[in-house]
Amino acid sequence: MSDGPAGGAATLRIRGVHKRYGARSVLRGVNLAIRSGEIVALVGENGAGKSTLVRCVAGAESSDAGVIELDGRPLSADAIGVRDQGVAIVWQDLALCDNLNAVANVFLGSERLNGALLDEATMFRETHALFELLHINIPQPLVPVGMLSGGQRQLVAIARAVRRRPAVLILDEPTASLGVAETLVVERLLAQLRAMGTAILLVSHGLEQVFRLADRIAVLRDGDIVANVSPLEVHPDDVVALISGIEVDSTARRQLRRLRSLVDQLAEVEPSASLPLIVSAMAEAVGIDQLCVHLLDQPDEEGRVLLRCSAAVGLDGPFLERLALVPIGSSGGPPGVAAATGEVVVVEDLRRDGRWALFAGPAATPRSTWSVPILGSFSVLGAVSGYADTVGRPQADQLELVSLYASHAAAAIERERLLAEATRRNRVLETLRGVLDTLAGPLPAHGGLAIALLALCRGLGADAIAIHRATGEPSTVAPIDLGPGRGAVAAQRQRAAAAAMLSLPNTVEGPRSVDDDTLAVRIDAPDGPAVVTAWWSNPRQRSDDAVDLLDDAARSLRLALERQVAERANAEAASLRRSQTRQREFLFRLNHELRTPLTAIQGYASTLRQPDVDWDLESQQRFLDSIASESARMGRLVGDLLDFSAIDSGDLRLQQDWCDLGLVLEAARRCVTEAPSSLFHLHTVDAPPIWGDHDRLEQVFVNLFENAVRHGRGLTGVVVTARLAPSRAEVEVRVADDGGGIGRDPAELERVFRPHERGRTDGPGAGLGLAIARGVVEAHGGTIALEPVAVGTSVLVTLPVEPVAGDGAGPPEPPLAPPRSGGMAAPLLDRSR
């Protein structure tokens with residue numbers, strides 16, 4: 001009797017094992033092999049010798065004759081040696097110590113020690129990790145195992161057996177005393193161990209369990225293995241008959257089980273895997289070693305309909321090459337005739353039938369063949385052919401069985417084609433929906449156009465896609481990285497295709513293939529024609545629906561181009577409206593702010609021009625001083641309004657160079673003539689030169705200093721500190737005074753930076769100083785804000801040391817000693833304080 005299927009290295013091999021007890025022979029030359037990742041069930045009646053065989057393998061008893069090997073080496077004759085070689089046994093009585101907990105039982109006989117003491121922490125961690133690996137759920141592993149359920153005790157016994165990672169696990173009736181739920185837990189664990197590569201010998205009386213778990217079933221009867229079968233090939237009744245020694249004819253039952261198994265598998269696998277599965281099952285059911293399936297393929301260059309070999313079993317060499325592609329009809333041999341007529345074709349002797357030239361060749365050619373058509377719902381889909389090395393014809397029931405499997409193949413083929421068609425249509429619809437959603441979404445037309453092209457490129461399965469404009473504008477290209485070589489090829493091919501399409505008459509509509517690898521369609525946009533081109537590095541990857549998809553998408557892209565033109569026109573109109581609005585606002589502010597100084601100047605001038613009044617020199621000087629003061633105020637107002645208008649429109653121009661903040665602060669202090677110089681205390685701490693506009697920064701700090709002097713009630717000092725920020729990328733300038741202050745209200749601290757807003761103490765001016773200061777600082781890439789302090793007012797200005805990103809070409813290296821600006825600032829005084 002064979003010990004199992006051929007192929008694969010046996011993990012455990014039992015050969016010719018005999019065992020006698022006195023005059024009674026219990027084992028009579030047992031042969032059995034168990035391979036890695038396989039569950040072999042050992043079944044038999046009581047007294048058949050199952051437990052004796054397990055004890056011989058475990059080293060609990062010695063055999064009288066025979067060899068037991070593990071990976072080609074003899075297995076030890078004692079239990080400790082067997083365990084050390086990688087064979088673990090789970091006995092029916094479990095062999096657990098009920099008074100010890102699960103951890104102690106798992107490490108029983110191989111405890112972890114820490115010096116002379118048990119290392120219980122390590123044993124607990126390793127047991128917990130082992131339970132997690134095996135998905136064993138024992139909520140209280142530290143209680144005595146005698147308090148656990150039968151299923152939990154069985155799991156502990158199995159965990160103890162597999163803790164050493166055995167190559168072979170033998171279980172003697174592991175679920176005999178367990179309930180349904182506990183049995184399912186043990187079976188799940190056995191399936192997991194098989195997936196981990198453990199070879200398992202399962203001794204069981206439960207045939208239902210055996211058929212659920214086992215890969216092979218070994219039947220032990222009267223001390224000998226009488227059958228070694230697959231559960232897919234036999235019925236439980238067959239196994240019962242083998243156990244009891246009753247011969248039964250189970251061919252029909254076996255075929256029904258195979259078909260039932262095939263149907264179950266087809267329901268679970270992907271459609272693309274159905275045909276190979278059916279061919280494999282067909283070859284096994286019919287008992288033929290050489291099988292081939294041909295399916296209809298595309299016509300060849302001469303227009304002939306061909307059959308392509310889609311699956312084959314047991315065929316190789318030159319004969320398989322001749323079968324790779326055959327025509328329909330007699331020139332295609334039996335497969336071609338079966339596909340053409342829809343009828344079964346049988347050739348009993350190929351060498352004596354001259355009609356089959358397809359099979360003429362070397363001596364290795366099969367002697368006989370048959371072909372069964374694969375009939376679909378509306379037409380023939382192909383043919384199934386079998387080949388034999390002997391002369392003759394198959395039995396009628398074999399051909400009928402092949403026809404049954406061919407009907408399953410037809411259903412699988414049509415299912416796969418329907419799924420492919422549905423997938424194709426869904427891809428087209430999803431692509432169009434993605435394009436439309438992107439073009440109709442919140443993104444601007446130009447930005448959405450690139451995203452829509454990317455979605456279209458994916459839907460087409462193309463490698464590159466672009467829109468080319470005849471107006472000379474840059475092409476819009478989907479951001480796909482093809483690498484330098486393929487990218488240049490794609491760009492060149494697409495430009496050539498676009499030029500070819502633009503040279504055609506305007507009456508040409510729809511997509512056209514420009515060479516084999518490029519597809520192009522012309523779009524009549526409002527601002528001139530455009531061309532959409534798609535390129536494939538492998539033209540065979542272009543799907544049949546690419547033309548239709550590109551044609552439909554072209555209409556959406558034309559609307560996007562129209563939207564782009566409309567957005568451009570709207571942007572220009574909006575820009576014109578904003579410009580007009582700013583002009584009106586500027587004129588209104590100019591009229592409003594200049595009215596007061598102009599009125600004062602006009603009044604003083606009219607007074608001086610009175611013909612009937614003689615003013616003394618002192619009065620005349622007072623009037624002239626007032627006229628000069630109001631003129632200066634009017635000049636400042638005009639400058640502020642122009643600066644604010646430039647900031648508001650984003651047109652503020654900076655003349656930047658490396659400048660020293662110390663000189664800027666000193667120059668600003670000298671411009672404040674309303675207060676003595678002793679009121680200001682200037683300090684710099686490691687402040688490097690910065691890239692900025694000296695005059696504009698001086699304007700900022702003059703405003704801050706004047707505000708401190710004018711609005712700081714009870715002011716006794718202004719402290720100005722410039723230091724390098726911790727990030728070393730910015731300089732912080734803090735202007736702090738001890739005057740009346742603004743308070744800590746965040747809304748109030750932010751309000752003063754708005755145009756035409758003044759602090760608590762109203763004074764002369766348009767209320768634009770701080771707004772202009774913020775605009776100048778932000779133009780430098782910095783920030784300005786009022787800090788909430790308890791006493792006085794504190795303004796923090798941060799300025800970047802290096803130029804901000806987007807300033808264009810980099811600046812020159814900063815000078816070791818920056819030049820002073822136009823003589824406006826004297827050397828900084830008292831910088832060491």
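Structural notes, computed from the coordinates. Keep in mind that what you see is a predicted model, and the values were worked out from it rather than measured.

Rules used throughout
- Residues numbered from 1 in each chain as written.
- Predicted model: local features only at pLDDT ≥ 70, side-chain atom pairs only at ≥ 80, totals over all residues.
- Heavy atoms only, no water.
- Helix = DSSP H or I, 4+ residues; strand = E, 2+ residues; numbered from the N terminus.
- Contact = heavy atoms within 4.5 Å.
- Areas by Shrake-Rupley, 256 points an atom, 1.4 Å probe, with all protein chains shown as cover.
- Salt bridge = Lys/Arg side-chain N within 4 Å of Asp/Glu carboxyl O.
- Buried < 20%, exposed > 50% of the residue type's maximum accessible area, 1.4 Å probe, protein only.
- Polar contact = N/O pair within 3.5 Å; in protein donor to acceptor, adjacent residues only side chain to side chain.
- Axes fitted to C-alpha atoms, helices over the stretch in contact; angles between N-to-C directions.
- Left-handed = near helix turned anticlockwise from the far one by under 90°.
- Nonpolar A, V, L, I, M, F, W, Y, C, P; charged D, E, K, R; others polar.
- Lys, Arg positive; Asp, Glu negative; His and termini not counted.
- Parallel < 35°, antiparallel > 145°, perpendicular 65-115°, else oblique.
- Phe/Tyr/Trp six-rings, centres within 6.5 Å; stacked < 30°, edge-to-face > 60°.
- Pairing = 2+ DSSP bridges.
- Core = buried A, V, L, I, M, F, W, Y, C linked by side-chain atoms within 4.5 Å.
- Expected span 1.5 Å × (residues − 1).
- Arc of directions from axis to C-beta.

1. Details of the overall build of the protein
Now for step 1: When its secondary structure is counted, the protein shows 21 helices and 30 strands.
Now for step 2: Looking at the protein alone, contacts between residues at least 24 apart form 65% of all its contacts between residues at least 6 apart.
Now for step 3: As displayed, the protein offers around 42,200 Å² of accessible surface, 52% of which is attributable to carbon and sulfur atoms.

2. Topic: the pattern of salt bridges
Now for step 1: Going through the model one piece at a time under the given rule, you end up with 16 salt bridges.
Now for step 2: For Asp349, the salt bridge is made with Arg367, and the minimal N-O distance between the two is 3.4 Å. Placement of Asp349 in the loop between β16 (345-347) and β17 (368-375) and of Arg367 in the loop between β16 and β17 is noted, with a sequence separation of 18 residues between them.
Now for step 3: Look at Asp349 and you get buried, because its relative accessible area is 12%.
Now for step 4: According to the relative accessible area criterion, Arg367 is partly exposed, its value standing at 24%.
Now for step 5: Between Arg669 and Glu666 there is a salt bridge, and its shortest N-O distance comes to 2.5 Å. Of this pair, Arg669 and Glu666 are both found in helix α18 (residues 661-671), three residues apart, which corresponds to roughly one turn of the helix.
Now for step 6: Accessibility expressed as a relative area gives 9% for Arg669, which makes it buried.
Now for step 7: For Glu666, a relative accessible area of 0% translates into the label buried.
Now for step 8: Each of the salt bridges in this network shares a partner with another, and the network as a whole consists of Glu666, Arg669 and Arg670.

3. Let's talk about the side chain of Asn228
Now for step 1: On the secondary structure map, Asn228 appears in strand β12 (residues 224-229).
Now for step 2: Among the polar contacts made by the side chain of Asn228, one reaches the side chain of Arg216 at a distance of 2.7 Å.

4. Points about the packing of helix α19 (residues 694-711) against helix α21 (residues 769-779)
A pair of packed helices is characterised by two quantities: the angle between their axes and the separation of those axes.
Now for step 1: For the pair α19 and α21, the least separation of the axes is 9 Å and the interaxial angle reads 145 degrees. The chirality of how α19 crosses α21 is left-handed. Facing Arg696, Gln699, Val700, Asn703, Leu704 and Asn707 of α19, the residues of α21 in contact are Gly769, Leu770, Ile772, Ala773, Val776 and Val777.
Now for step 2: Residues of the contact of α19 with α21, tallied by class, amount to seven nonpolar, four polar and one charged.

5. Examining the side chain of Asp693
Now for step 1: As for its placement among the helices and strands, Asp693 is situated in the loop between β26 (690-692) and α19.
Now for step 2: One buried charged side chain, Asp693, makes no salt bridge at all; its nearest oppositely charged neighbour is Arg696, positioned 4.8 Å away.
Now for step 3: Setting aside chain neighbours within four positions, we find Asp693 in contact with Arg653, Leu654, Gln655, Gln656 and His780.

6. A word on the packing of α18 against α19
Now for step 1: Contact geometry for α18 and α19: axes closest at 8 Å, N-to-C directions at 50 degrees. In this view, α18 runs oblique relative to α19, as classed from their interaxial angle. As for the relative orientation of α18 and α19, their crossing is right-handed in sense. Here Leu661, Leu663, Val664, Leu665, Ala667, Ala668, Arg669 and Cys671 of α18 come into contact with α19, specifically with His694, Leu697, Glu698, Phe701, Val702 and Phe705.

7. A short note on the packing of aromatic side chains
Now for step 1: The final tally for this structure, using the stated rule, is four aromatic pairs.
Now for step 2: Ring centres 5.4 Å apart and planes at 70 degrees place the aromatic pair Trp658 and Trp691 in the edge-to-face group. Residue Trp658 is located in strand β24 (residues 657-659), and its partner Trp691 is located in strand β26; the two are separated by 33 residues in the primary sequence.
Now for step 3: The class of Trp658 is buried, set by a relative accessible area of 5%.
Now for step 4: A residue is classified by how much of its surface remains accessible, and Trp691, at 14% relative accessible area, is buried.
Now for step 5: Centre to centre, the rings of Phe680 and Phe705 are 5.1 Å apart; their planes meet at 50 degrees, and the pair counts as tilted. Residue Phe680 is found in strand β25 (residues 680-685), and its partner Phe705 is found in helix α19; the two are separated by 25 residues along the sequence. By the burial criterion, Phe680 is buried, and Phe705 matches it.

8. What to know about the pairing of strand β27 (residues 718-724)
Now for step 1: Burial of β27 is extensive: five of the seven residues sit out of reach of the surface.
Now for step 2: In terms of strand pairing, β25 meets β27 through six bridges, oriented parallel. Along β27, the bridge assignment pairs Val685 with Arg723.
Now for step 3: Of the pairings in the sheet, the one linking β27 to strand β28 (residues 730-737) comprises seven bridges and is antiparallel in character.

9. Regarding the nonpolar core
Now for step 1: By size, the foremost hydrophobic cluster in this structure holds 46 residues, and its most contacted members are Phe701, Leu704, Phe705, Val733 and Val797.
Now for step 2: Counting residues per element, the ones that place at least two in this core are α18, β25, α19, β27, β28, α21, β29 (783-787) and β30 (793-800).
Now for step 3: Here this core takes eight residues from α19, the largest share from any one element.
Now for step 4: Once you skip the residues sitting within four places of it in the chain, Phe701 turns out to touch Leu661, Val664, Leu665, Ala668, Val733, Val735 and Val797.
Now for step 5: Ala102, Phe107, Val162 and Val186 belong to the second largest nonpolar core, which has 34 residues in total.

10. What about the sheet that holds strand β3 (residues 39-43)?
Now for step 1: Strand order across the open sheet formed by six strands is β6-β9-β10-β3-β11-β12, with mixed pairing between neighbours. Pairing within the sheet leaves two strands with one partner each, and these edge strands are β6 (87-90) and β12. Sheet twist, expressed as the average angle between the axes of neighbouring strands with direction ignored, equals 20 degrees.
Now for step 2: The sheet contact formed by β6 and strand β9 (residues 168-172) spans four bridges and is parallel. Bridge pairing in β9 links Ile89 to Ile170.
Now for step 3: Each of β3, β9 and β10 (199-203) touches helix α6 (residues 180-195); the most contacted strand, β10, lies at about 150 degrees to it.
Now for step 4: Sheet strands touched by helix α8 (residues 236-244): β3, β11 (216-221) and β12. Its angle to β11, the strand with the most contacts, is close to 25 degrees.

11. As for helix α4 (residues 120-133)
Now for step 1: Along its 14 residues, α4 runs 20 Å from first to last C-alpha, staying within 8% of the 20 Å computed at 1.5 Å per residue.
Now for step 2: Among all positions of α4, only Thr122, Met123, Thr127, Leu130 and Phe131 are buried. Here the buried residues of α4 occupy an arc of 165 degrees about the axis, which is enough to place them on one side. Turned more than 90 degrees from where α4 packs its buried face, Arg125 and Glu132 sit exposed.
Now for step 3: For α4, the elements touching its buried residues are α3 (102-106), β8 (117-118) and α5 (150-162).
Now for step 4: Where α4 ends, the next residue or the one after it, His135, has phi of about 55 degrees, a positive value.

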